[in-house]
Structure formats: C-alpha cells, structure tokens
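Listed here are the chains, written in short residue letters.
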Amino acid sequence: TIVPVKVLGSMELIDEGETDHKIIVLRQDDPHFKSINTVRDLDRYYPHTVERLVDWLKNYKTSDGKPQNTLTSDEPTSAAEALRIIDEV
C-alpha cells in the first residue's frame, strides 16, 4: 500500500560504520496534517515524539544483544535536508 505523506525531517543513524538516514514523515490522513510542517510542529501536537524516536533508534537493536546505536545528532534535520537526502538516493 502506498500512503501519501509529508516529509518533516530525518535522523542519521550510524550503522556498522555507515550512515543510515531515517526519514521522518507524517501521514496525510493525520488530523493535524495541515498544521504540522516541521519536526518541532510534530512535537507540539504529539509531545515527546522526537525524544521517543531518538530513544528507539538508539536502542532497537539492543534486544538482539547488539550494542546501542549512535546518531550523528539527537536533533532531527530539517525537511529541506531530508528531501535533499531523498533526492540523492
């Protein structure tokens, strides 16, 4: 299924020495779709979302006995930067 989304930003995970870009999006059917245009807006409507996302990205592989992941920053990039990354792929 293809779901229409709006790009809000990205996080850069270092996975086995390589950068793995995680694109943050919002589904078009979200009730706040027209009001949320940035990751900051997302956190305003859905408090602690970025904090929970950072925690999950750092720790999701630890359940498999792997070490904690590293992010290049705990702050997401802008939507423009995320779109640039998408265009490069």
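Basis of the calculations
- Residues numbered from 1 in each chain as written.
- Predicted model: local features only at pLDDT ≥ 70, side-chain atom pairs only at ≥ 80, totals over all residues.
- Heavy atoms only, no water.
- Salt bridge = Lys/Arg side-chain N within 4 Å of Asp/Glu carboxyl O.
- Helix = DSSP H or I, 4+ residues; strand = E, 2+ residues; numbered from the N terminus.
- Buried < 20%, exposed > 50% of the residue type's maximum accessible area, 1.4 Å probe, protein only.
- Lys, Arg positive; Asp, Glu negative; His and termini not counted.
- Polar contact = N/O pair within 3.5 Å; in protein donor to acceptor, adjacent residues only side chain to side chain.
- Contact = heavy atoms within 4.5 Å.
- Pairing = 2+ DSSP bridges.
- Axes fitted to C-alpha atoms, helices over the stretch in contact; angles between N-to-C directions.
- Arc of directions from axis to C-beta.
- pLDDT = per-residue confidence, 0-100.
- Patch = residues over 30% accessible without salt bridge, like charges linked within 9 Å, V, L, I, M, F, W, Y side chains within 5 Å.
- Areas by Shrake-Rupley, 256 points an atom, 1.4 Å probe, with all protein chains shown as cover.

### Structural notes on the pattern of salt bridges
In step 1: Summed over all chains, the structure comprises seven salt bridges.
In step 2: One salt bridge in this structure joins arginine 84 and glutamate 88, with 2.1 Å as the shortest N-O distance. Pair noted here: arginine 84 and glutamate 88 are both in helix 3 (residues 79-88), with a separation of four residues, about one helical turn.
In step 3: Because the salt bridges share partners, they merge into one network encompassing Glu81, Arg84 and Glu88.

### Some thoughts on the side chain of lysine 6
In step 1: Within the secondary structure layout, lysine 6 lies in strand 1 (residues 5-15).
In step 2: Among buried Asp, Glu, Lys and Arg side chains, lysine 6 stands out as unpaired, with aspartate 41 the closest opposite charge at 7.2 Å.
In step 3: A polar atom in the side chain of lysine 6 sits 2.6 Å from the backbone oxygen of phenylalanine 33.
In step 4: Polar contacts involving the side chain of lysine 6 include one to the main-chain carbonyl oxygen of isoleucine 36, which spans 2.8 Å.
In step 5: When neighbours within four sequence positions are excluded, lysine 6 is seen to be in contact with Ile24, Val25, Leu26, Phe33, Lys34, Ile36 and Asn37.

### Topic: the sheet that holds strand 3 (residues 70-71)
In step 1: With antiparallel pairing, three strands are arranged side by side in an open sheet as 2-1-3. Only two strands of the sheet have a single neighbouring strand rather than two, namely strand 2 (18-27) and strand 3.
In step 2: With two bridges connecting them, strand 1 and strand 3 associate as antiparallel partners. Residue pairing across strands places leucine 13 opposite leucine 71, the latter belonging to strand 3.
In step 3: Relative to strand 1, helix 2 (residues 49-59) is tilted by about 35°, and along the sheet it contacts strand 1, strand 2 and strand 3.

### Observations regarding helix 3
In step 1: Burial in helix 3 covers these residues: Ala79, Ala82 and Ile85. Across the axial projection of helix 3, the buried residues extend over an arc of 120°, all falling on one side. Of the exposed residues in helix 3, those oriented more than 90 degrees away from the buried face are Ala80, Asp87 and Glu88.
In step 2: Of the surrounding elements, those touching the buried residues of helix 3 are strand 1 and strand 2.

### Concerning the confidence of the model for the chain
In step 1: With 100% of its residues at a pLDDT of 70 or more, the chain shows a mean pLDDT of 94.
In step 2: Mean pLDDT across the secondary structure elements of the chain bottoms out at strand 3, with 94, and peaks at helix 1 (residues 39-45), with 97.

### A closer look at a nonpolar patch on the surface
In step 1: A cluster of nonpolar side chains, namely Val3, Val5, Ile23, Val25, Leu83 and Ile86, defines an oily patch on the protein surface of about 410 Å² accessible area.
In step 2: For the nonpolar patch, the secondary structure elements donating two or more residues are strand 2 and helix 3.
In step 3: Inspection of the secondary structure assignment puts valine 5 in strand 1.

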